[in-house]
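For reference, the chains in residue letters:
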Amino acid sequence: AVVSTQSGHYGRGMDAMRRAREKLQAEVDEAAIVEAEKQREREEKKRLEKIDDWERHKAGKGYRSKTKADPDASCSRPTYDFLGGGDSSGRYRPSRSNFRRGGGG
């Protein structure tokens, strides 16, 4: 009698685990569908951009720039004074190969 109640308890636990797995799998399947749709939209957008580039090329207007130019990037870069030195990361540092030989320096 003890074995049958334990097996019933075990079966309920397995059913709960199976339902939880099915629920998680459904969530993963939904996320995969959404991601696949986003991927299709990105590919369609890229295809339309290529067509537009080709049309611009045929019309003699030239290709568009493939780089994403940031208008703030040019003014936010610090100016470097070559004669002044700049930051200390570019300075000459001799190797420490004679460190173990002693001698003072």
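An account of the accompanying structure is given in this report. (Residues numbered from 1 in each chain as written. Predicted model: local features only at pLDDT ≥ 70, side-chain atom pairs only at ≥ 80, totals over all residues. Heavy atoms only, no water.)

1. Concerning the overall build of the chain
Scanning the chain from N- to C-terminus turns up 2 helices and 0 strands. Every one of the 105 residues in the chain was classed for burial, and the buried ones make up 1%. Carbon and sulfur atoms form 55% of the exposed surface of the chain, whose accessible area is close to 10,400 Å². (Helix = DSSP H or I, 4+ residues; strand = E, 2+ residues; numbered from the N terminus. Buried < 20%, exposed > 50% of the residue type's maximum accessible area, 1.4 Å probe, protein only. Areas by Shrake-Rupley, 256 points an atom, 1.4 Å probe, with all protein chains shown as cover.)

2. Let's talk about a nonpolar patch on the surface
Taken together, the side chains of Tyr10, Met14 and Met17 present a nonpolar region at the surface, about 320 Å² in accessible area. Summarising the element assignment, Met14 is placed in helix H1 (residues 2-58). When its relative accessible area of 36% is taken as the criterion, Met14 is described as partly exposed. (Patch = residues over 30% accessible without salt bridge, like charges linked within 9 Å, V, L, I, M, F, W, Y side chains within 5 Å. Salt bridge = Lys/Arg side-chain N within 4 Å of Asp/Glu carboxyl O.)

3. Quick word on the pattern of salt bridges
The final tally for this structure, using the stated rule, is 5 salt bridges. With a shortest N-O distance of 3.1 Å, Arg18 and Glu22 are connected by a salt bridge. Linking Arg18 with Glu22, this pair stays in helix H1, spanning 4 residues, or about one helical turn. Taking the relative accessible area as the measure of exposure, Glu22 reaches 45% and is therefore partly exposed.

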